[in-house]
Amino acid sequence: METTTISSNGESEVKDEIQGLIASLPSEKNWDGSPLYFYQGVWYPVFAIRGALSFQQHFIAQDTDIILASMPKSGTTWLKALTFSVVNRNIYSPKESPLLATPPHELVRFFEIDLYSKKQLPDLIQLPSPRICSCHSHYETLPQSIRDSGCKIVYICRNPLDQLVSYFHFSRKFKRENVKPLSSIEEGFDNVCLGIQSYGPFWDTVLGYWKASLERPDKVLFLKYEDLKEDIISNLKKIAEFLGIPFTDKEEKEGVIEEISRLCSLDSLRNLEVNKNGVRPSGLPNSSFFRKGEVGDWTNYLSPFMAENYLKIVEEKLGGSGLTFRTSQ
Ligand code: A3P
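Remember, it's a predicted structure, so these values are computed and weren't measured experimentally. As a convention, each chain's residues are numbered from 1 in the sequence order in which they are written. Only residues with pLDDT of at least 70 are given local features in this predicted model, and only at 80 or more are side-chain atom pairs given and counted; all residues enter the totals for whole chains, interfaces and linings. In computing side-chain properties, one takes all heavy atoms of the structure into account and sets aside hydrogens as well as water.

Caption draft 1: Representation of the pattern of salt bridges in the model. Salt bridges are defined by distance alone: a side-chain nitrogen of Lys or Arg within 4 Å of a carboxyl oxygen of Asp or Glu. Inspection of every chain in the model, using the stated rule, returns 13 salt bridges. For arginine 89, the salt bridge identified is with glutamate 251, shortest N-O distance 2.7 Å. Of this pair, arginine 89 sits in the loop between helix H3 (76–87) and helix H4 (104–107) while glutamate 251 sits in helix H12 (residues 249–254); the two residues are 162 residues apart in sequence, bridging distant segments of the chain. Each residue's exposure class comes from its accessible area (1.4 Å probe, protein chains only) as a fraction of the maximum for that residue type: buried when under 20%, exposed when over 50%, partly exposed otherwise. When its relative accessible area of 13% is taken as the criterion, arginine 89 is described as buried. When its relative accessible area of 10% is taken as the criterion, glutamate 251 is described as buried. Lysine 237 is the partner of glutamate 252 in a salt bridge, and the nearest nitrogen-oxygen pair spans 3.4 Å. With a gap of 15 residues between them, glutamate 252 in helix H12 and lysine 237 in helix H11 (residues 232–242) connect regions that are remote in the sequence. What makes glutamate 252 partly exposed here is its relative accessible area of 34%. Residue class for lysine 237 comes out partly exposed when judged on its relative accessible area of 28%. Three or more residues joined by partner-sharing salt bridges are found here, namely Asp227, Glu230 and Arg326. Elements are defined by DSSP. Helices are runs of H or I of four residues or more, strands are runs of E of two residues or more, and each kind is numbered from the N terminus.

Caption draft 2: Local environment of the sheet that holds strand S4 (residues 35–39). By the convention used here, strands pair only if DSSP detects at least 2 bridges between them. Ordered in space as S3-S4-S5, the three strands form an open sheet in which the pairing is antiparallel. At either end of the open sheet lies a strand with only one pairing partner, and these are strand S3 (27–29) and strand S5 (42–45). Here the average twist between neighbouring strands, direction ignored, is 35 degrees. Across four bridges, the pairing between S4 and S5 is antiparallel. Its bridge partner lying in S5, tyrosine 39 is registered against valine 42. As a rule, the C-alpha atoms of each element are fitted with a line to give its axis, helices using only the stretch in contact, and angles between N-to-C directions run from 0 to 180 degrees.

Caption draft 3: Main features of the environment of serine 321. When you line up the elements, serine 321 lands in the segment after helix H16 (304–318). Note on contacts: a residue pair is in contact if any heavy atoms of the two residues lie within 4.5 Å. Setting aside its immediate chain neighbours within four residues, serine 321 contacts Leu207, Trp210 and Leu214. The definition of a polar contact used here is a pair of N or O atoms within 3.5 Å, where within protein one atom must be able to donate a hydrogen and the other to accept one, and adjacent residues in sequence count solely through side-chain atom pairs. Reaching out from serine 321, the side chain makes a polar contact with the backbone oxygen of leucine 318 at a distance of 2.6 Å.

Laid out in structure tokens, this is it:
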């Protein structure tokens, strides 16, 4: 479907038909009270749908690109910091890392809610090589060139209970005019059980990347937040090897991996001035990306009945895939 036109200055303008398309889509309420739209099997938040369509239609991947993919609130910020540090370790030592003065989301930018939402055809030439960018799109909806090129995808997932609780807290930081956020987890819970949440259904997005990682292990690396929490060192090695830049014996002896893990830890990042005080262009405080970072925090917010119900649904949907989650430490 053609949804854009190119204006005389080369910038793509959204035609009324995108507006028309959005208006015709099934819609539900997101946790923050704003609409979610269902398109091609995905529930997009209102602020992401235009960017997601544009990204899907226009992005041309290069073989050297690194795409970080995730469901929101699954450890995206952490993965950005880690991957940026691994890739650029020969340019910046942890003591002079740009992470010390720049939020991870600025160093590794989102396609749908940043690059392609600001401009229909963003100028990606300015991004340093190798380009590291991130998305919440499902594997099946990625631009064809990502799937066809030699670029690499690192996916991070998190157990659905902690992901849900994390999103609930995050959504309360959004302040939108004329929109009333849901007041409790219970209020949005039935929808979540139907797969209705930002970039959901949960099971579809994780399954897409899970299957891709089994079919194309050289193309898609599938990580779990809980595994990183348990053993960050071996997961950092896994990331570096997957990207074709394994740590050398010398680096291991010199403690480079430990230094990166310390720099990117929750405590280190959240205590940096830039992450304590800064605000994202969307108006969200940088601090909202750093909360507890625990495995099993859901027990403080979901009743055993809710947790059991939701897990049962997710397990049924993932049935036979071999994908499992750890929900406690
Ligand atoms: P909680 O809300 O459970 O604390 P995302 O980055 O995908 O938005 O996910 C945010 C979640 O990851 C939050 O979880 C946040 O605290 C946690 N997080 C952010 N940075 C982290 C880090 N460096 N290490 C571990 N967890 C981190």
